[in-house]
Each structure stands twice: as C-alpha cells, then as structure tokens.
Amino acid sequence: MNLKNYFETLCSSFTENKQLIDSLWNEVETRYSEKGRHYHNLLHLENMFSELEAVKSHISDFTAISFSVFYHDLIYDASSKSNEEKSAAKAEKRLGELHLNKDRISLISAQILATKSHHQSDNEDTNYLLDADLSVLGKDFKTYSEYTQNIRKEYSIYPDFLYKPGRKKVLKHFLELESIFKTEYFKDKYEAQARENIAAELQLLK
C-alpha cells in the first residue's frame, strides 16, 4: 500500500487545500521516520492496513479507523508514559484543521487512547484497530523475534536490568488477558501463536 497516496485520498474528502494535505503528510512521514524508531515506523502502519483490509467489510467507519492508524503512534518516545495522550491530542488538532466533524474526531481520539491499555471496547471498530496493532504477536516466530529485537532497540536507553522486568510485565499482562485479541477473526488467526511466542520470549528473558 502506498501510504502517502492513501493519506492524501483520505484528506481530500475533507479539504481541497493541497498545501494543508502536504503539510499533514509530511508531519506523519517525518514522525514515523524518526531516528530510533525500529518498530513503530511506517512499516508498522503498512502492516496494520494490510491486516485491516481483510476485515474491511466488518468495519463501519473505515475513514475514522484509517486516521486512527496514521495518528496512533505519531508521538513516540520510549521514555514517556503519555505517548497515546499526546498522539490523540495531535490528531484532534490536525483533524480539526481538516474540518472533520467533532463526533468523528472524538471517536478517533478515543481509538488512539485505546491503544494504550488494549482493553476490550464497546466499539467493534476499535477492537479491530487494537487487534491489527497487536497482530505481530501472532506471526511466525522469526517475524516475532525481529519485532522483539526492534522493540529492544527502541528501548536501548535502558540497560537489561531495567528493560527485562518491564518487558516481562508487559508480556505477562498479555498472557493474563482472557483473550489477547478482541475480535473473532483475529482471535482465530493469531491467538494461539501469539501465546506461544510470548511464552517463548519470557523463557529467553530469564
């Protein structure tokens, strides 16, 4: 998928201001291409869209979920605990400039905030977004291992004695969930493999 073309198409439904669209895309591209982003980058967005494409017919507002994908990791600092809040605030500001209606902006903001805790949502679109965001957990172990190495690089400011306990906590949180994936489609596709991968990573972190 060509992210730039898709983003421009999305925005052009709301404005004819080419300069505004260009500046919004440049911000997205620049943010996701920052030095130090080894996993939370443009490839992550491409993978999410590829997962969501398969369930497009189940999603009631694909425009909103698309903006949520583009903005959910816009602000990403491994040492910050408020990336989602900052990303949501930036999305609200930018989508306000595009003149999306307030309800839609609120929905997108809520979807971005939901990626912080990954709890089941009353909004099924949000559940599809959360599942696409975590889909890497259920890939083959080679892909999963590359993901864990890239996450480690993103947290390279932390030595192992700080990183490992934090990572274990995150992984155990996933295993304690009744289900990592919220939708039937993603549960069937990735749940079993995700649990195997996480258990294997926990063994390696000992």
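Source: prediction; values computed, not measured.

Participant: Looking at this structure, how should I read the overall build of the protein chain?
Facilitator: A tally of helices and strands in the protein chain yields 10 helices and 0 strands. Along the protein chain, helices (α) and strands (β) appear in the sequence α-α-α-α-α-α-α-α-α-α when read from the amino end. For the protein chain, whose C-alpha radius of gyration is 17 Å, the value lies close to the compact-globule estimate of 17 Å for 206 residues. Along the first, second and third principal axes, the C-alpha set of the protein chain runs to 55 × 35 × 25 Å. Each of the 206 residues in the protein chain was classed as buried or not, and the buried ones make up 49%. In the protein chain, 66% of the contacts between residues at least 6 apart in sequence involve partners at least 24 apart. Taken as a whole, the protein chain presents about 10600 Å² of accessible surface, with 51% of it coming from carbon and sulfur. Seen as two clouds, the 28 positive and the 33 negative side-chain charges of the protein chain have centres 7 Å apart.

Participant: Looking at this model, I keep getting lost on the packing of aromatic side chains. Mind explaining?
Facilitator: Given two aromatic rings, one states the distance between the centres and the angle between the planes to describe the pair. Considering all chains together, one arrives at 18 aromatic pairs under this definition. Aromatic pair Phe186 and Tyr190: ring centres 6.3 Å apart, planes at 25°, arrangement stacked. Here Tyr190 and Phe186 lie together in helix α10 (residues 184–204), a separation of 4 residues that amounts to about one turn. The residues Phe186 and Tyr190 share a single accessibility class, namely buried. An aromatic cluster is built from Tyr6, Phe7, Phe14, Trp25, Phe49, Phe67, Phe70 and Tyr71, whose rings are joined through pairwise contacts. In this structure, Arg37 is placed above the aromatic ring of Tyr32, and the distance from its NZ or CZ to the ring centre is 4.9 Å. Its guanidinium or amino end placed over the ring of Tyr163, Arg152 lies 4.1 Å from that ring's centre, counting from NZ or CZ.

Participant: What's the story with the side chain of Arg94 in this structure? I'm lost.
Facilitator: For Arg94, the location among the structural elements is in helix α5 (residues 83–97). Looking at Arg94, the relative accessible area reads 14%, which means it is buried. Setting aside anything within four residues of it in sequence, one finds Arg94 in contact with Leu24, Glu27 and Tyr71.

Participant: When you look at the environment of Gln193 in this model, what are you seeing that I'm missing?
Facilitator: Its place among the elements puts Gln193 in helix α10. Among the residues examined, Gln193 registers a relative accessible area of 28% and is labelled partly exposed. Leave out the neighbours within four places in its chain, and Gln193 touches Leu137, Gly138, Lys139 and Phe141.

Participant: How should the layout of surface pockets be read in this particular structure?
Facilitator: Taken as a whole, the largest pocket encloses approximately 1200 Å³ of empty space. Lining of the largest pocket is provided by 34 residues; of these, Tyr76, Glu84, Lys116, Tyr155 and Val170 occupy positions nearest its centre. At the level of elements, α5, α6 (102–117), α7 (124–134), α8 (141–154) and α9 (160–176) are the ones that each hand at least two residues to the lining of the largest pocket. Among the elements that make up the lining of the largest pocket, the one with the highest residue count is α9 (8 residues).

The rules behind each value
Residues numbered from 1 in each chain as written. Predicted model: local features only at pLDDT ≥ 70, side-chain atom pairs only at ≥ 80, totals over all residues. Heavy atoms only, no water. Helix = DSSP H or I, 4+ residues; strand = E, 2+ residues; numbered from the N terminus. Rg over C-alpha atoms; globule rule 2.2 N^0.38 Å. Buried < 20%, exposed > 50% of the residue type's maximum accessible area, 1.4 Å probe, protein only. Contact = heavy atoms within 4.5 Å. Areas by Shrake-Rupley, 256 points an atom, 1.4 Å probe, with all protein chains shown as cover. Lys, Arg positive; Asp, Glu negative; His and termini not counted. Charge placed at Lys NZ, Arg CZ, Asp CG, Glu CD. Phe/Tyr/Trp six-rings, centres within 6.5 Å; stacked < 30°, edge-to-face > 60°. Lys NZ or Arg CZ within 6 Å of the ring centre and 35° of its normal. 1 Å grid on protein atoms, 1.4 Å probe; cavity = no way out; pocket = protein on both sides within 12 Å on 5 of 7 lines; lining within 4 Å. Points joined across faces, edges and corners; volume = space filled by probe spheres on them.

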